[in-house]
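# Overview (structure and organization)
Single-letter residue listing:
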Amino acid sequence: MKILVTGGAGYIGSITTAELIAAGHQAIVFDNLYQGHPAAVHPEAVFVQGDLADRNAIAQLFAEHNDIDGIMHFASYTLVGESMQKPLLYLRDNLVNAANLLEVAVEHGVRRFILSSTANLFDAPEKMPISENERIVPGSPYGESKFFVERLLHWFERIYGVKYACLRYFNAAGDTPGRGEDHDPETHIIPIVLQVALGQREAVTIFGDDYPTPDGTCIRDYVHVVDLAQAHILAMQAISEIGSRKYNLGNGNGYSIREVVETARMVTGHPIPTRIGPRRPGDPAILIASSETLRRELGWQPRYPDLESIIRSAWQWHEANPQGYQK
Ligand code: UDP
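Parameters and conventions
Residues numbered from 1 in each chain as written. Predicted model: local features only at pLDDT ≥ 70, side-chain atom pairs only at ≥ 80, totals over all residues. Heavy atoms only, no water. Helix = DSSP H or I, 4+ residues; strand = E, 2+ residues; numbered from the N terminus. Rg over C-alpha atoms; globule rule 2.2 N^0.38 Å. Buried < 20%, exposed > 50% of the residue type's maximum accessible area, 1.4 Å probe, protein only. Contact = heavy atoms within 4.5 Å. Areas by Shrake-Rupley, 256 points an atom, 1.4 Å probe, with all protein chains shown as cover. Lys, Arg positive; Asp, Glu negative; His and termini not counted. Charge placed at Lys NZ, Arg CZ, Asp CG, Glu CD. Near = heavy atom within 4 Å. Polar contact = N/O pair within 3.5 Å; in protein donor to acceptor, adjacent residues only side chain to side chain. Pairing = 2+ DSSP bridges. Patch = residues over 30% accessible without salt bridge, like charges linked within 9 Å, V, L, I, M, F, W, Y side chains within 5 Å. Salt bridge = Lys/Arg side-chain N within 4 Å of Asp/Glu carboxyl O. Axes fitted to C-alpha atoms, helices over the stretch in contact; angles between N-to-C directions. 1 Å grid on protein atoms, 1.4 Å probe; cavity = no way out; pocket = protein on both sides within 12 Å on 5 of 7 lines; lining within 4 Å. Points joined across faces, edges and corners; volume = space filled by probe spheres on them. Nonpolar A, V, L, I, M, F, W, Y, C, P; charged D, E, K, R; others polar.

Regarding its fold elements, the protein chain presents 10 helices and 14 strands. Computed over C-alpha atoms, the radius of gyration of the protein chain comes to 19 Å, within 12% of the 20 Å expected from 2.2 N^0.38 for 327 residues, which places it in the range of a compact globule. For the protein chain, with 327 residues in total, the buried portion stands at 56%. Taking the intrachain contacts of the protein chain between residues at least 6 apart in sequence as the baseline, contacts between residues at least 24 apart amount to 78%. For the protein chain, the exposed area adds up to about 13,700 Å²; of that, 49% sits on carbon and sulfur atoms. Positive and negative side-chain charges of the protein chain, numbering 28 and 39 respectively, have mean locations separated by a distance of 4 Å.

Listed below in structure tokens is the structure:
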């Protein structure tokens, strides 16, 4: 397959591009380098720097590559906390950018689309682990913006026959030897914890220890980025036959922030001091995925089902690349 990967210079997009190429597919990366890194783009991918806000740039991309089989859409604003401060960056830009992409894709007859969606759709889950039948209650403008795009896809299927899969990631984590997580500023818990182990920060601030969980800190389901990437490839191969799908994507294991820190202490041998800060707006107490549907329908099998192997892979990359892609 020839796949257009938006956001293919970013964390999850670049690793998925590498997995696609390793599996014998071709990739065209479209990225504005807002958070992405040229060095993260696989050397065998075609790289086009451009912005999804620029409809003409998308039209030119499709005009130059008229044999695209499907789209994996990673490019997006992705931070819950930021979305509570700058809601329109999410509610407007994430929606408009996806709409621009879909509009041009359909004009060029491209009708397979995989969306990076999110567990932030489930702010008030009634059952844990969270299945695809759970009621959708976005926890922030970020989650709402992903829901907007899921709805866009719903109508693009009915009207234009687009087949799609929405992959609702829980907490993407872990790295590969060649590519890793490098955001500026970094806001995600595992890289922050490892920055303390590297001596780049003094301590980790835990955002709230008064949640209704056994140790008072938030519980999340960490899923390795390579396992996420494999889910994209499986979904892209299947949707034409099985039809459009929504999948919750995690390991089904929840770990508290304190457990993350404890595991990182064991992996790195560093004491990793912590301090307690206020809660971060938009954070639900517990998010654990049921990925039963994905396993059953697509045969998805995570290679890194446990937190320790995820943190080990991240530590390997961060130790080798302490300044991220800058080096
Ligand atoms: N978190 C924290 N301290 C930090 C960064 C994150 O306590 O410096 C917490 C955050 O409040 C959430 C969990 O770690 O409960 C995971 O946050 P992250 O930003 O990594 O991912 P998200 O759940 O927002 O996708």
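With that out of the way, let us pick up the site of the ligand. Looking at the ligand, there are 13 residues lining it, with Ile189, Thr205, Phe207, Arg280 and Asp283 nearest. Between the ligand and Asn171 there is a distance of 2.9 Å, counted from an oxygen atom to a side-chain nitrogen or oxygen. Between the ligand and Phe207 there is a distance of 2.9 Å, counted from an oxygen atom to a backbone nitrogen or oxygen. A total of 520 Å² of accessible area belongs to the ligand in isolation, and the protein chains cover 89% of it.

Read from one edge of the open sheet, 3 strands run E12-E9-E14, paired in mixed fashion. Pairing within the sheet leaves two strands with one partner each, and these edge strands are strand E12 (255–256) and strand E14 (286–287). Across 2 bridges, the pairing between strand E9 (residues 219–220) and E14 is parallel. From the neighbouring strand, Arg220 faces E14, where its bridge partner is Leu287.

Let us now look at a nonpolar patch on the surface. On the surface, Trp155, Ile159 and Tyr160 cluster together to form a nonpolar patch covering roughly 330 Å² of accessible area. Within the secondary structure layout, Tyr160 lies in helix H5 (residues 141–160).

Summed over the entire model, instances satisfying the criterion amount to 16 salt bridges. Its salt-bridge partner being Glu19, residue Arg303 comes within 3.7 Å of it at the nearest N-O pair. Taken together, the residues Arg303 in the loop between helix H9 (292–298) and helix H10 (307–320) and Glu19 in helix H1 (residues 11–22) connect sequence positions 284 residues apart. Take Glu19: its relative accessible area is 17%, and that puts it in the buried class. Counted as one network, the salt bridges with shared partners bring together Arg55, Glu103 and Glu107.

Our focus in this paragraph is the sheet that holds strand E1 (residues 2–6). Strand order in the open sheet made by the 7 strands is E3-E2-E1-E4-E5-E6-E11, with parallel pairing throughout. Two strands bound the open sheet, and with one partner strand each, they are strand E3 (46–49) and strand E11 (245–249). Strand after strand, the sheet turns through a mean of 20° between neighbouring axes, direction not considered. The pairing of strand E5 (residues 112–118) with strand E6 (residues 163–169) spans 7 bridges and is parallel. Directly across from Ser116, in E6, lies its bridge partner Leu167. Set on the sheet, H1 makes contact with E1, strand E2 (26–31), strand E4 (70–73) and E6; between it and E1 the angle comes to about 170°. Together, E1, E2, E3 and E4 form the strand contacts of helix H2 (residues 55–64), whose direction differs from that of E2 by roughly 165°.

Space inside the second largest pocket adds up to approximately 330 Å³. Together, 20 residues line the second largest pocket, and Asp182, His183, Asp184, Gln195 and Gln323 are the ones closest to its centre. Contributing elements (two or more residues each) for the lining of the second largest pocket: helix H6 (189–197) and H10. Here the residues of the lining of the second largest pocket sort into 6 nonpolar, 10 polar and 4 charged.

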